[in-house]
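Each chain, written out:
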Amino acid sequence: AGRTVYLRSYGCGHNASDGEVMAGLLAEQGYNVTDEFDRDDIDAFLVNSCTVKNPSESSFRALVKKCQDKGRPVIVTGCVPQADHK
């Protein structure tokens, strides 16, 4: 409880809806959910992805790299990790 999770969703409306559900579930468990990337109190990054549109996937991959550079856990969800397990 009290930990902060950055959440960002890319792509289709279904993915946006999934992101809202994830944010609600995290909040119910006492997590603070934010979309402000540059906060110093972020404990983990949750990036919800979509392969439907190439620009979304490119933006997703760039954001994952930026998150990894912060040195905190990065969780990827959505159809990109389902399509490419690497």
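A few points on the structure. (Residues numbered from 1 in each chain as written. Predicted model: local features only at pLDDT ≥ 70, side-chain atom pairs only at ≥ 80, totals over all residues. Heavy atoms only, no water.)

1. Description of the environment of Lys 66
Moving on, step 1. Mapped onto the elements, Lys 66 comes out in helix H2 (residues 54–69).
Moving on, step 2. By relative accessible area, Lys 66 is classed as partly exposed at 45%.
Moving on, step 3. Distance from Lys 66 to Phe 37, taken between C-alpha atoms, is 9.6 Å for residues 29 residues apart in sequence. (Helix = DSSP H or I, 4+ residues; strand = E, 2+ residues; numbered from the N terminus. Buried < 20%, exposed > 50% of the residue type's maximum accessible area, 1.4 Å probe, protein only.)

2. Here we look at the nonpolar core
Moving on, step 1. Formed by Tyr 6, Tyr 10, Phe 37, Ile 42, Phe 45, Val 47, Phe 60, Leu 63, Val 64 and Cys 67, the largest nonpolar core amounts to ten residues.
Moving on, step 2. Secondary structure elements with two or more residues in this core: strand S3 (42–49) and H2.
Moving on, step 3. Broken down by element, the residue count for this core peaks at four residues, all from H2.
Moving on, step 4. Apart from the residues lying within four places of it in its own chain, the contact partners of Ile 42 are Thr 4, Tyr 6, Thr 34, Glu 36, Phe 37 and Arg 72.
Moving on, step 5. Residues Val 5, Met 22, Leu 26 and Leu 46 belong to the second largest nonpolar core, which totals five residues. (Core = buried A, V, L, I, M, F, W, Y, C linked by side-chain atoms within 4.5 Å. Contact = heavy atoms within 4.5 Å.)

3. Considering the side chain of Thr 4
Moving on, step 1. Among the structural elements, Thr 4 can be located in strand S1 (residues 4–9).
Moving on, step 2. Within the structure, the side chain of Thr 4 is placed 3.5 Å from the side chain of Asp 41, a separation counted as a polar contact. (Polar contact = N/O pair within 3.5 Å; in protein donor to acceptor, adjacent residues only side chain to side chain.)

4. Things to note about the sheet that holds S3
Across a sheet, paired strands are connected by hydrogen bonds in the backbone, their directions being either parallel or antiparallel.
Moving on, step 1. Strand order in this open sheet of four strands is S2-S1-S3-S4, and the pairing throughout is parallel. The open sheet is flanked by strand S2 (32–34) and strand S4 (74–78), the only strands paired with a single partner. The average angle at which neighbouring strand axes cross in this sheet is 25°, direction not considered.
Moving on, step 2. Two strands pair when backbone bridges link them, and S1 and S3 are joined in this way by six bridges, in the parallel orientation. From the neighbouring strand, Thr 4 faces S3, where its bridge partner is Ile 42.
Moving on, step 3. Along the sheet, helix H1 (residues 13–28) contacts S1, S2, S3 and S4; its crossing angle with S3, the most-contacted strand, is approximately 155°. (Pairing = 2+ DSSP bridges. Axes fitted to C-alpha atoms, helices over the stretch in contact; angles between N-to-C directions.)

5. Focus on the side chain of Asn 15
Moving on, step 1. As for its position among the elements, Asn 15 is in helix H1.
Moving on, step 2. At 2.4 Å, the side chain of Asn 15 and the backbone oxygen of Ser 49 are in polar contact.
Moving on, step 3. Leave out the neighbours within four places in its chain, and Asn 15 touches Ser 9, Tyr 10, Asn 48, Ser 49, Cys 50 and Gly 78.

6. Topic: the environment of Ser 9
Moving on, step 1. When you line up the elements, Ser 9 lands in strand S1.
Moving on, step 2. For Ser 9, a relative accessible area of 26% corresponds to the partly exposed category.
Moving on, step 3. A sequence separation of 41 residues divides Ser 9 from Cys 50, and the C-alpha atoms of the two residues are 8.2 Å apart.
Moving on, step 4. Once residues lying within four places of it in the same chain are set aside, the contact partners of Ser 9 are Asn 15, Ala 16, Gly 19 and Asn 48.
Moving on, step 5. Here the side chain of Ser 9 touches Asn 48 through a polar contact of 3.2 Å, side chain to side chain.

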